[in-house]
Amino acid sequence: MIIIKTPEEIEILREGGKHLATVLYKLRDMVKPGVSTKDLDLHAEKLIREMGDVPAFLNYRPEGANKPFPASLCISVNDEVVHGIPSQKRILQEGDIVSLDLGLKHKNLFTDMALTVPVGVVSKENKKLMDITEQALAVGISAARSGGTVGDIGHAVASFVRSQNKNNNMQYGIVEVLSGHGVGRAIHEDPYIPNFGKAGTGAKLVSGMVIALEPMLNAGTKNVTIDADGYTFRTADGKNSAHFEHTILITDGEAEILTCTNTKKDPKGLVP
Ligand code: MG
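Residues numbered from 1 in each chain as written. Predicted model: local features only at pLDDT ≥ 70, side-chain atom pairs only at ≥ 80, totals over all residues. Heavy atoms only, no water.

- As named in an unreviewed UniProt entry, the protein is Methionine aminopeptidase.
- Of the protein, the UniProt comment under Subunit (unreviewed entry) reads exactly: "Monomer."
- Checking UniProt for the protein, the heading Catalytic activity (unreviewed entry) contains the comment "Release of N-terminal amino acids, preferentially methionine, from peptides and arylamides." (UniProt positions renumbered as here; feature names shortened; annotations may be inferred.)

1. As for the pairing of strand S7 (residues 189–193)
Then, number 1: Where strand S6 (residues 180–182) meets S7, three bridges bridge the pair, whose relative direction is antiparallel. Looking at S7, one finds that glycine 180 is bridged to isoleucine 193.
Then, number 2: Where S6 folds back onto S7 in an antiparallel hairpin, the turn is made up of six residues, including glycine 184, whose phi is positive at roughly 150 degrees. (Pairing = 2+ DSSP bridges. Helix = DSSP H or I, 4+ residues; strand = E, 2+ residues; numbered from the N terminus.)

2. Considering the packing of aromatic side chains
Then, number 1: Overall, the coordinates contain one aromatic pair when judged by the stated rule.
Then, number 2: Between phenylalanine 69 and tyrosine 231 the ring centres are 5.1 Å apart and the planes differ by 75 degrees, which places this aromatic pair in the edge-to-face class. With phenylalanine 69 in the loop between strand S1 (54–55) and strand S2 (73–77) and tyrosine 231 in the loop between strand S10 (224–226) and strand S11 (233–235), the pair connects residues that are 162 residues apart, well separated along the chain. In this pair, the class of phenylalanine 69 matches that of tyrosine 231, namely buried. (Phe/Tyr/Trp six-rings, centres within 6.5 Å; stacked < 30°, edge-to-face > 60°. Buried < 20%, exposed > 50% of the residue type's maximum accessible area, 1.4 Å probe, protein only.)

3. Here we look at the sheet that holds S6
Then, number 1: Reading across from one edge, S7-S6-S8-S13-S14 is the order of the five strands in this open sheet, with antiparallel pairing throughout. Looking at the sheet topology across the chains shown, the edges are occupied by S7 and strand S14 (256–257).
Then, number 2: When strand S13 (residues 246–249) meets S14, the two strands line up antiparallel, connected through two bridges. Bridged to isoleucine 248 within S14 is isoleucine 257.

4. Structural notes on the UniProt feature "domain: Peptidase M24" (unreviewed entry) in the protein
Then, number 1: Residues annotated by UniProt as "domain: Peptidase M24" (unreviewed entry) correspond here to residues 12–252.
Then, number 2: Counting secondary structure, residues 12–252 comes out at 29% helix and 24% strand; the distance between its end C-alpha atoms is 20 Å.

Encoded structure:
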């Protein structure tokens, strides 16, 4: 069931989104060679609790999982796509790219956000992968408006990636087995929002819907595998992957990005 949020809920989601973006940008600034992924996770939990909020992923048990997620922050390095589990033994190295995916509960309502950042100096190819993925998210957000459909978003994202592949002679694969989703009263709500699809199809977008868009692009095949830990998705061909996500509000005009630090100064929320 798709939930339309009340004006009061939207106000709380704006506050929560601002908290979340603030925390995630602080974590981004901590990313450097020598830092363990567990350090980032512990910091994420501390920053969220200092704001009076609750980490959304800690002990969250997705449908079908046989154990709850053991951390606040999903950290996925290089060929890991999403849902990597932080570890004291996993030390970030110069040249890595690292995806940070974080959710929080603020006054009982959830927001969700992710970004991929370079560790020190990274290759041109990695920079391009991150850049195209971030742009794919912006394209998806631009396609999300009241009166449209979920398929419009997927179509816009996939068309953009296809054109980039053509222009750059690349073969970026869009991960299809994972998708964006409604968010707010729960961390995952209806509808599913795939990063591919046909314009004009699927659930209708209505003003007051709050959704998380999250394209995941692989530098090669779209196919992914899942590790024995039951959580870590990884590219099937070992090439790197990037992931960007915002929680947005559907309006009659342009969608409003809720996970940003300053709505007025930065309406797109893409630059902190
Ligand atoms: Mg999400």
